[in-house]
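As a plain string of letters, each chain reads:
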Amino acid sequence: MTPPQTPSSSQEDLSEDQGPPTFHNFLRAHYPFDNSALDDSNITMPLDRGDILMVHSIHTTGWADGTLLATGSRGWVPTNYCESYEPEEIRSLLHALLNFWDLLRSPSINDRELFSSQEYLRGMIAGIRHLLQRTNCLHKESSTVQRSDLLRRCRKDITSETSSLVRAARKMQELQDGTLNPPQDPNDICDEMVLKACQIVLKGVQLIDTLEEERRNRAPASVRVMDTVTEESVASSFDLSQAFPLPLNRRLSSFSRPPTRNESSPQGHRVSSSLSHRVSLAGPSSYTRPQFLVSERLSRSHDAFLSHIGSFIGRLSLQSQSCPELASAIKQCASSGSELLAVVDAVGTHSHSNCAALALARSILCERIHELVYAARDSLVQAASEEDLIMPNGNKELLMSATGCVRSAGDCIAKVRNAIERLGDFELVELDSSGLDMDLSILDAAARMRERKQSHAGLSETASAAESSGTAGSRTPGPRHAHTPSLDKPLPEIPAMELSQEANPSPPPSRPESQHSQGTSRLNLLPKLSTTLPSAATENPHDHEYHHSSRVDSMIASSAGSSATYLSRDSETSIVSQASTRATTPDHTLVPRPKPSVSELSATASSTLTEEVEEVESRLMEKTYVHELMFNKEGHVTGGSLPALVERLTTHEAAPDTVFLSTFYLTFRLFCTPTKLAEALIDRFDYVGDSPRMSGPVRLRVYNFFKGWLETHWRDETDREALVLILPFAEGRLSHVLPAATGRRLVELAKRVSSGTCLVPRLVSSMGKTNTAIAQHIASDTPLPPPIMSRSQQNALNAFKAGGNTPSILDFDPLELARQLTVKQMSIFSSIMPEELLAQKWMKNGGVETPHVKAMSSLTTGISNWVACTILHNEEIKKRAAVIKQWIKTANHCYELHNYDCLLAIMCTIQSTTISRLRKTWDLISTKRKDTLTPLQEVSDTSFNYKALRARLHDHVSPCLPFLGMYLTDLSFVEVGNPATRQMAHGSETGDQRASGLTVVNFDKHSLTAKIIGELQRFQIPYRLAEHADMQEWLTVQIDGVRESDKVNVQRENYRKSLALEPRETVPRTPLEQTPMPTPTTSRGDFFGWMTRERSQTNTPAPL
Amino acid sequence: MPARRLQPSREFHVVVLGAGGVGKSCLTAQFVHNEWVESYDPTIEDSYRTQLQVDGRQVVLEILDTAGTEQFVAMRDLYMKTGQGFLLVFSITSQASLDEIASLRDEIIRIKDDESVPIVIVGNKADLEENRQVPRARGFSVSQRWEAPYYESSARTRTNVEECFIDLCRQMLRREDEGGAEDSPTHKPEHSAYDSHKRRRRRRLRDGQRCVVL
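Everything numeric here is computed off the predicted structure, so don't read it as measured data. (Residues numbered from 1 in each chain as written. Chains lettered and ligands numbered in written order. Predicted model: local features only at pLDDT ≥ 70, side-chain atom pairs only at ≥ 80, totals over all residues. Heavy atoms only, no water.)

1. Digging into the overall build of chain B
The secondary structure content of chain B amounts to seven helices and six strands. Reading chain B from its N end, one meets helices and strands in the order α-β-α-β-β-α-β-α-β-α-β-α-α. Of all 214 residues assigned to chain B, the portion counted as buried reaches 57%. Put simply, of all contacts in chain B between residues at least 6 apart along the chain, 76% involve residues at least 24 apart. (Helix = DSSP H or I, 4+ residues; strand = E, 2+ residues; numbered from the N terminus. Buried < 20%, exposed > 50% of the residue type's maximum accessible area, 1.4 Å probe, protein only. Contact = heavy atoms within 4.5 Å.)

2. A word on helix H33 (residues 814-829) of chain A
Residue and element names in this part refer to chain A. Along its 16 residues, H33 runs 22 Å from first to last C-alpha, staying within 8% of the 22 Å computed at 1.5 Å per residue. Counting buried positions along H33 gives 15 out of 16 residues, so the element sits mostly inside the fold. Of the residues flanking the start of H33, the one acting as N-cap is Asp813, its side-chain oxygen 2.8 Å from the backbone nitrogen of Leu815. (Expected span 1.5 Å × (residues − 1). Polar contact = N/O pair within 3.5 Å; in protein donor to acceptor, adjacent residues only side chain to side chain.)

3. Here we look at the interface of chain A and chain B
With 61 residues of chain A at the interface, the matching set in chain B holds 54 residues. Buried area between chain A and chain B, summed over both chains or domains, comes out near 5000 Å², and the portion from carbon and sulfur atoms is 55%. Between the two partners, chain A and chain B, sit two salt bridges. Notably, a salt bridge pairs Asp113 of chain B with Arg1064 of chain A, separated by 3.6 Å at the nearest N-O pair. Our count for the contact surface shared by chain A and chain B stands at 12 residue pairs in polar contact (both at pLDDT 80 or more). Examining the composition of the side of chain A that touches chain B, we find that 10 residues originate from one element, helix H42 (residues 964-977) of chain A, more than from any other. (Buried area = accessible area lost by both parts, 1.4 Å probe. Salt bridge = Lys/Arg side-chain N within 4 Å of Asp/Glu carboxyl O.)

4. Description of the confidence of the model for chain B
Residues and elements named next belong to chain B. Predicted confidence across chain B gives a mean pLDDT of 79, with 78% of residues reaching 70 or more. Under a pLDDT of 50 for its full length, residues 1-5 has, in the predicted model, 13 contacts with residues more than four places off or in other chains. Across residues 181-214, where pLDDT falls below 50, the model places 50 contacts with residues more than four positions away in sequence or in other chains. Listed scores for the predicted complex are pTM 0.61 and ipTM 0.84. (pLDDT = per-residue confidence, 0-100.)

5. Structural notes on the pairing of strand S5 (residues 119-124) of chain B
All names here are of chain B. Burial runs high along S5: six of the six residues are buried. Burial along S5 is two-sided: the residues Ile119, Ile121 and Gly123 and Val120, Val122 and Asn124 are all buried. Bridge count for strand S4 (residues 85-91) against S5 is six bridges, and the pairing is parallel. Each residue of the ladder has a partner; that of Phe90, found in S5, is Gly123. Taking the sense of rotation as the criterion, the β-α-β connection linking S4, helix H4 (residues 95-112) and S5 turns out right-handed. (Pairing = 2+ DSSP bridges. Right-handed = clockwise from strand over helix to strand, strands pointing away.)

6. A few points about the pattern of salt bridges
Tallied over the entire structure, the rule returns 43 salt bridges over all chains. Here Arg715 of chain A makes a salt bridge to Glu835 of chain A, at a shortest N to O gap of 3.1 Å. One end of the pair, Arg715 of chain A, is in the loop between helix H27 (692-712) and helix H28 (716-719); the other, Glu835 of chain A, is in the loop between H33 and helix H34 (851-872), and 120 residues separate them in sequence. Across this residue pair, the class does not change: Arg715 of chain A and Glu835 of chain A are buried. Here Arg49 of chain B and Glu62 of chain B are joined by a salt bridge, their closest N and O atoms 3.0 Å apart. Within this pair, whereas Arg49 of chain B is found in strand S2 (residues 49-54), its partner Glu62 of chain B is found in strand S3 (residues 57-65), the two being separated by 13 residues in sequence. Using a relative accessible area of 27% as the deciding quantity, one classes Arg49 of chain B as partly exposed. Three or more residues joined by partner-sharing salt bridges are found here, namely Glu129, Arg132, Arg136 and Glu152 of chain B.

7. Re unusual backbone geometry
For Asp113 of chain B, which is not glycine, the phi dihedral falls at a positive 50°. Its place among the elements puts Asp113 of chain B in the loop between H4 and S5.

8. What about the packing of H4 of chain B against helix H5 (residues 136-146) of chain B?
Residues and elements named next belong to chain B. Interaxial distance between H4 and H5 falls to 12 Å at its minimum, and their mutual angle equals 5°. In terms of their interaxial angle, H4 and H5 are classed as roughly parallel. From H4, Gln95, Leu98, Ile101, Ala102 and Arg105 reach across to H5, where they touch Arg138, Val142 and Trp146. Of the residues assigned to the contact of H4 with H5, the class counts are five nonpolar, one polar and two charged. (Axes fitted to C-alpha atoms, helices over the stretch in contact; angles between N-to-C directions. Parallel < 35°, antiparallel > 145°, perpendicular 65-115°, else oblique. Nonpolar A, V, L, I, M, F, W, Y, C, P; charged D, E, K, R; others polar.)

9. Things to note about helix H41 (residues 943-953) of chain A
The set of residues buried in H41 of chain A consists of Ser943, Asn945, Tyr946, Leu949, Arg950 and Leu953 of chain A. Asp955 of chain A occupies a position one or two residues after H41 of chain A and carries a positive phi of about 60°.

10. Focus on the packing of aromatic side chains
Overall, the coordinates contain 26 aromatic pairs over all chains when judged by the stated rule. Here the aromatic rings of Tyr625 of chain A and Tyr687 of chain A are separated by 5.6 Å at their centres, their planes lie at 65°, and the arrangement is edge-to-face. Of this pair, Tyr625 of chain A sits in the loop between helix H23 (603-621) and strand S9 (629-631) while Tyr687 of chain A sits in helix H26 (residues 674-687), placing them 62 residues apart in sequence. Aromatic side chains Phe973 of chain A and Tyr48 of chain B sit 4.8 Å apart centroid to centroid with 65° between the ring planes, which places their arrangement in the edge-to-face category. Of this pair, Phe973 of chain A sits in helix H42 while Tyr48 of chain B is found in the loop between helix H2 (24-32) and S2, placing the two residues in two different chains. (Phe/Tyr/Trp six-rings, centres within 6.5 Å; stacked < 30°, edge-to-face > 60°.)

11. Quick word on the packing of H26 of chain A against helix H29 (residues 723-737) of chain A
Residues and elements named next belong to chain A. Two elements in contact, H26 and H29, have axes whose closest approach is 11 Å; the angle formed by their N-to-C orientations is 10°. It follows from the interaxial angle that H26 and H29 lie roughly parallel. Along its contact with H26, which presents Thr675, Ala678, Glu679, Ile682, Phe685 and Asp686, the element H29 presents Leu725, Ile726, Phe729, Arg733, Leu734 and Val737. Partitioned by chemical class, the residues of the contact of H26 with H29 number eight nonpolar, one polar and three charged.

12. A few points about the side chain of Thr650 of chain A
Residue and element names in this part refer to chain A. Structurally, Thr650 is set in the loop between helix H24 (642-649) and helix H25 (658-671). Given a relative accessible area of 0%, Thr650 falls into the buried group. Here the side chain of Thr650 touches Val646 through a polar contact of 2.9 Å, landing on its backbone oxygen. A polar contact of 2.8 Å, which involves the side chain of Thr650, links it to the side chain of Arg684. In this view, Thr650 contacts Arg684, Val698, Arg701 and Val702; residues no more than four positions away in its chain are not counted.

Now the structure itself:
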């Protein structure tokens, strides 16, 4: 599916930016966008001025696939109606929202791991903290907050939304532990959390807008501010009515600037057309600002009813259920149903027309509730006679009547809304609670019930709290609720405009009036797009109409088009949407899903709510650096400031990720000094003291980090300087706060370290140990293969040791030769220390700091040269051929032993010009022998970035000896190809790097380094091969003998020898010098890989 | 050979050589690294493959840069064999690194057995003018002696990074157009080849590039 045509084709004058579309993570609608006239209105989204969008991708046409924060619905919007949004104050919060979204939406993340702690919330919380800090609103008592009611309210909204986010996260935690009762679909909770996160951001935007407005109005306008206050509360009241789609109202709340009202006419139009698919993410936030408006009460009671029924149905599906619990659930349903009926009645009495339909719907609903209660009573009575349990088979009837209730409630509510719309909203304070004339005590009798739950208490409490704003509600002009459910219905018009203009004298603060009205008038010019409805969309409209509460559906519709997009924040869009569809379960398709949070609207819940808000307040006070971290899509840290990284290492909730920890231990010296690290750790230890909630575990982790550092990762030469800090810390603060033993232990470690003893032999670093390869390590009881050594060979070695003749390479078995070379190489390879591989140290100072890397490379080079020498040493052609054959066999054994380093060492000599030009010698080697070289050549082919070798090493089981050089090249390029730091640019990646962007450590670079080193360490496991001491000695002498002459250029020397042995043929046309194999073309081509390539490239394309 | 001109895109193997620490890997990384990629992972197959347009022709370059393995001297032969064009990099802050590429060039010519194998000489770290050890004139005289163009580049400031690779591509393309150079090096009409070298260099000079041959 492609997005609709770009609106800019018909709206050139509106477009902000004529250049190619640039990618912004967040957009704010500059103009209202009415998509109702579009054919594809079900894949596009209408916009109101001030709407905030999170952008997933931008199509070349300029349409953006975005999620509207206010509703959570996703669809295409025209970017030319919007402008990039990322004020500095909120940038870190916006960034946190992106990460949060990625985390929760990424299918590649393990739920259990993610949700087992609340770690993933910290970015959001830090973002909020940052916002409040920047706006001087961090403290409730700060003068900024105290000065303005509006700000106080905004701030309160933020904290209460945050607390519900935290609550949802806790629920998720419980769900992961299996202690959540009743269990919920994790996707629901995820949705809820994402919605909450969006809400938080919206409230943050509101806060900024308010501040902005205040700044402008500061001098004159105390009266005006009051106006705005009332206005704002009116707007927010609509925020709550979302059981039915009211995008208009939700949107209004997202953005408190009143004059949006001026556009109520087009909005109304839009609402009517898009009604069905706009609900999606809309989650309730009802408790924040209770109102008396009837529409609001209706939604609320409907929500409550649905949620009670929902949890009742949830209970039914459990295996067994105790009677009192079931009875209480039924009672909750019944009482909320009764409340709902009361609201319906209230509307009914107000209403003048359409009464019949409403009355009918009402009576059906009433009847259904009765049915449910009676059915419940029957099964309760029946159960009481047997046991205290309800068996599942009796549930069918209950289930039927419960779903009946839901359906008829939906029906009834639709009618009521219709009526309200016609009437206009009105205030409703008193309720006749006898909506359902039914004595619920039948249930008590049946089930020996507990006291009836006070489900009304919460309502009345919140009602009183909202008293002040209540009056404003009454002034609300009815027609603002222009949510006409059907398309053909004419729109209520003009009066709304006049009324609202009257009510809102203040022009939009941040946009000049002229521009604003321009926007309105241009509505007439709105693009008339003649795009045909994409096929994917035509399949979906049903979903859009009926899957009310599932935001997933709108995602399907929109994200299907992302394949055609070229600017995308999220390359996995389609996967994500697929993964999310699991949220839709058939049970929920017909009714709005019960909103989990509504069920907590009881008196008890609201009391815990205040505690939670308190908790959020205290969390906001916690000092944190989490906003200085950067993550990739997999949730891995890719960058961060030192304090932020240290914080990440010592989080209070979960032990740090082992990969992260070992990467840090290995590489920290590359981005900070040991002293700086110690300072950061000690600072962390100190500042966490302000938050008692987490100081305990965090401090312990700080201690553990120090301990690990001293025990296993200490480099005395560089780290010694940090002892000056660590010792007093261990003796002082640490011992004061943590049990004295910890301090003593640290002091002890520090002293041992300073005495110069390395505590743990680090032959294999801890990084390697975490790797699975160890498990596959050949068990130590595997018998060692006996050395292949005949008596005469042994005698030759003995004679050599005694100072006699040196045995020739031909004297030994090629397999044993390969084995002993392998043993020799592996002993060096396994002792390479990880820190030798950092920062290209092996290239500096002649490799003084990297003895093992140096030894390894010179051994490999030594072997290569030795191979050449053994061949060129012989004057006789036959002998040379024999030696070459011997080496081919040895190489083959190396190949079988997976010793690729030695294989390469031998192969590079055999294939070198020096050796390969010895045509006469090669003539004596059989074709069969030459053929065995083919696979060896393939592996030792360095082209395409060691493609063949990499393929072999991938998932290779040790023992294996890879080619060290490959890792060295990789490490070099990680080093030079990635910058040391990253720029924190919250939001825009392409945008200008503003001065506010923080420069942080590019941790991704170090992760890559550590990954490569870890890969190498995977192979640092010795072979199960017996070392033959005499032969080792002989090998050493041989290889060193060649190395002796290293001062002269061995290669050139060897080439000269080669020329002397088989002089250059003087025939003028001899390109054959390069091609010593006068064998038929096929085998020649196969023989040397590089030739095959060159020939095919240079010659084959020419059809000469 | 008109048939070859119709070839839509050509693939060439380029080998980057030089002493350790002259910043040749920076040069390569700069050249192949797509700036929009946030993190550069050199362990994947096409880390060193890049496509570019040279005089309107599509060229795919497979670059072999064995940075970090300078100590594996014996491997050099293997690396050089694969190359069709060579970028010899030294650092203008180190005379020794210039000497090093001289011996590298000898080796290349020996291994390829071809006096006129495409080579570009690159004096890197041109941004470190204050530490210069190799006078510009010396670079040019080497260039003249070897009949190979000389560039002074800086990976840090991204000066002449692309230019030296493009120059190498031109040489390789031209060789290919002339045809069969690799098949029969001894029969190659040497003078014309050298003349065209000079012609091309003069053209570049007119274009106002940094490379000047004295």
